[in-house]
Amino acid sequence: MKVHKKIILGNSSDLLHVFGPYDRYLKLIRQQLNVKVSLKHNTLKLSGEKEPVNQAERILKYLVTMAQENGHPVAEADVLKLIGQPPGSEANRLTDLTAAQPRETNNLLKVKPRTEGQARYMETLEKHDIVFSIGPAGTGKTYLAVARALVALRNGGIKKIVLARPAVEAGERLGFLPGSYEEKVNPYLRPLYDALESLLESQQLRRLIETDIIEVIPLAYMRGRNLANAFIILDEAQNTTSSQMKMFLTRMGTHSKIVITGDITQIDLPPDKISGLVEVKTFLSHIPGIAFCYLTKTDIVRHSLVQAIVDAYESKNKYQKKKQK
């Protein structure tokens with residue numbers, strides 16, 4: 001049965017985030033759902049079969065809400081993820097999940113979950129003092145943890161944020177390069193600065209770093225410390241050894257929270273070294289206050305090609321394992 005629907009839009013300058021450059025997102029909805037979508041002035045007109053039109057209406061209203069009310073930049077991955085969900089599925093409750101998250105007065109801290117997995121992850125961060133977040137690249141493991149740390153700092157729940165990373169080379173040999181130890185290590189820490197810079201104004205971030213309220217350091221610098229009233233994040237934890245992981249976890253002081261993130265499919269340790277992140281799954285998961293949160297390729301929110309690349313590598317690995325048997 002053919003139906004027709006209208007969506008009245010506001011005059012927000014954020015509508016480019018909804019429709020994409022050259023109305024790309026509208027074209028995706030037309031092609032994937034077989035729904036006619038036209039935009040005239042501030043009105044969207046939808047026509048087609050009942051269920052696809054209803055789904056297109058839900059998706060477009062969700063995208064408009066994210067752009068206009070929450071200041072959330074909508075990515076192509078969001079649109080494709082929503083289009084791929086059948087009507088009535090859990091993923092179609094993304095708007096409700098987003099609305100349930102605490103709203104921040106600072107626009108730069110309005111970080112919302114964009115998938116079901118991310119929503120579970122944010123809920124886990126609120127409820128546990130130690131959280132292990134494991135999943136592929138692009139799922140928001142570190143970004144969401146940094147965002148929650150900044151919110152906790154703003155609300156007075158903590159007094160310090162510490163972000164650490166193991167300085168492990170991904171196949172390259174950089175030791176011969178000129179420069180001090182700090183100059184050699186700084187590139188390893190750059191992704192942590194990127195996350196901070198996307199959430200804070202540069203002047204504010206500089207002030208927080210200069211006053212030592214935010215500290216970005218190599219994992220080796222954590223040894224011997226006792227961090228109380230702190231939000232401590234260990235990124236790229238798949239590249240920690242067993243002893244390094246133990247050292248990091250035991251830095252936790254009173255009134256502190258720890259988040260450990262990593263992708264166990266991208267381990268850069270020597271073959272004779274066991275990843276500390278892989279190992280802890282076997283004996284820490286039963287301890288109250290510690291939680292393991294697993295994100296998957298369906299939670300990837302980068303460019304849509306990232307998910308396709310992850311799929312391709314998974315297929316290759318499965319084929320190689322099958323061939324070896």
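Residues numbered from 1 in each chain as written. Predicted model: local features only at pLDDT ≥ 70, side-chain atom pairs only at ≥ 80, totals over all residues. Heavy atoms only, no water.

Novice: Looking at this structure, how should I read the packing of aromatic side chains?
Specialist: One pass over the full model with this rule turns up two aromatic pairs. With a centroid separation of 6.4 Å and 15° between ring planes, the pair formed by Phe 292 and Tyr 294 is classed as stacked. With a relative accessible area of 44%, Tyr 294 lands in the partly exposed category. An aromatic cluster is built from Phe 132, Phe 292 and Tyr 294, whose rings are joined through pairwise contacts. (Phe/Tyr/Trp six-rings, centres within 6.5 Å; stacked < 30°, edge-to-face > 60°. Buried < 20%, exposed > 50% of the residue type's maximum accessible area, 1.4 Å probe, protein only.)

Novice: Can you walk me through helix 10 (residues 242–249) in this structure?
Specialist: Note on helix geometry: an α-helix contains 3.6 residues per turn, so any two residues three or four positions apart are oriented the same way. Taken together, the buried positions of helix 10 are occupied by Met 245, Met 247, Phe 248 and Leu 249. Buried residues along helix 10 sit against strand 4 (130–134), strand 7 (230–234), strand 8 (257–262) and helix 11 (276–280). (Helix = DSSP H or I, 4+ residues; strand = E, 2+ residues; numbered from the N terminus. Contact = heavy atoms within 4.5 Å.)

Novice: Explain the nonpolar core to me, please; I cannot follow it from the model alone.
Specialist: Nonpolar side chains tend toward joint burial in soluble globular proteins. One finds Tyr 121, Ile 161, Leu 163 and Ile 214 to be the most contacted residues of the largest nonpolar core, which totals 32 residues. For this core, the secondary-structure elements that each account for two or more residues are helix 6 (116–127), helix 7 (141–154), strand 5 (160–165), helix 8 (181–197), helix 9 (202–210), strand 6 (214–218) and strand 7. Setting aside its immediate chain neighbours within four residues, Tyr 121 contacts Val 131, Ser 133, Gly 140, Lys 141, Leu 144, Ala 145, Val 259, Thr 261, Cys 293 and Leu 295. (Core = buried A, V, L, I, M, F, W, Y, C linked by side-chain atoms within 4.5 Å.)

Novice: What exactly am I supposed to notice about the packing of helix 6 against helix 7 here?
Specialist: Pairs of packed helices are described in terms of their axes, by the angle between the two and the distance that separates them. Running from N to C, helix 6 and helix 7 point in directions that differ by 40°, and their axes come no closer than 11 Å. As far as their axial angle goes, helix 7 and helix 6 are oblique. Both helix 6 and helix 7 take part in a crossing whose hand is right-handed. Packed against helix 6, whose contacting residues are Gln 118, Tyr 121, Met 122, Leu 125 and Glu 126, the element helix 7 presents Lys 141, Leu 144, Ala 145 and Arg 148 at the interface. A per-class count over the contact of helix 6 with helix 7 returns five nonpolar, one polar and three charged. (Axes fitted to C-alpha atoms, helices over the stretch in contact; angles between N-to-C directions. Parallel < 35°, antiparallel > 145°, perpendicular 65-115°, else oblique. Left-handed = near helix turned anticlockwise from the far one by under 90°. Nonpolar A, V, L, I, M, F, W, Y, C, P; charged D, E, K, R; others polar.)

Novice: Would you explain the sheet that holds strand 3 (residues 43–49) in this entry?
Specialist: Within a sheet, adjacent strands bond to each other through the backbone by hydrogen bonds, running parallel or antiparallel. Spatial strand order, 1-3-2: three strands in an open sheet with antiparallel pairing. Sheet topology places strand 1 (2–8) and strand 2 (36–40) at the edges, where each strand pairs with a single neighbour. Going from strand to strand, the sheet's axes swing by 15° on average, the running direction of each strand aside. Sheet topology note: the strand 2/strand 3 ladder contains five bridges and is antiparallel. Of the residues in strand 3, the one forming a bridge with Lys 36 is Ser 47. Its contacts with the sheet put helix 2 (residues 24–33) on strand 2 and strand 3, and the angle it makes with strand 2 is roughly 155°. (Pairing = 2+ DSSP bridges.)

Novice: Whenever I open this one, the confidence of the model for the protein chain confuses me. Can you help?
Specialist: Close inspection of predicted coordinates is inappropriate in any region flagged by low pLDDT. Mean pLDDT for the protein chain: 80, with 77% of residues reaching 70 or above. Every residue in residues 89–105 scores below 50 in pLDDT, and together they form 35 contacts with partners more than four places removed in sequence or on other chains. Low confidence marks residues 170–174, where pLDDT is under 50. Its contacts with residues over four positions away, or in another chain, come to three contacts. (pLDDT = per-residue confidence, 0-100.)

Novice: Please explain the side chain of Gln 238 as it appears in this structure.
Specialist: By the secondary structure assignment, Gln 238 is in the loop between strand 7 and helix 10. Here Glu 236 takes part through its side chain, which lies 2.7 Å from a polar atom of the side chain of Gln 238. Side-chain polar atoms of Gln 238 contact the backbone oxygen of Gln 266, separated by 3.1 Å. (Polar contact = N/O pair within 3.5 Å; in protein donor to acceptor, adjacent residues only side chain to side chain.)

Novice: Please clarify how the sheet that holds strand 4 should be interpreted in this entry.
Specialist: Pairing in this open sheet of six strands is parallel, and the strands run 6-5-7-8-4-9 from one edge to the other. Because the sheet does not close on itself, it has two edges, and the strands there are strand 6 and strand 9 (290–294). The mean angle between the axes of side-by-side strands here comes to 15°, regardless of whether they run parallel or antiparallel. Sheet topology note: the strand 7/strand 8 ladder contains four bridges and is parallel. In the strand pairing of strand 8, Ile 233 is matched with Val 259. Of the strands in this sheet, strand 4, strand 7 and strand 8 touch helix 10, which is tilted by about 155° from strand 8.

Novice: Mind showing me how you'd approach the pattern of salt bridges here?
Specialist: Note that side chains of opposite charge can pair when their charged atoms are close. Under the defined criterion, the tally for this structure stands at 11 salt bridges. Note that Arg 148 and Glu 126 form a salt bridge whose closest N and O atoms lie 2.9 Å from each other. Here Arg 148, found in helix 7, pairs with Glu 126, found in helix 6; they are 22 residues apart in sequence, far enough to count as distant. Several salt bridges converge on common partners, so that one network encompasses Lys 160, Asp 212, Glu 215 and Arg 225. (Salt bridge = Lys/Arg side-chain N within 4 Å of Asp/Glu carboxyl O.)

Novice: It is not clear to me how the environment of Glu 57 should be interpreted in this structure. Could you clarify?
Specialist: Position of Glu 57 relative to the elements: it lies in helix 3 (residues 50–68). The exposure class assigned to Glu 57 is buried, which follows from its relative accessible area of 13%. A C-alpha to C-alpha distance of 8.5 Å links Glu 57 and Lys 6, two positions 51 residues apart in sequence.

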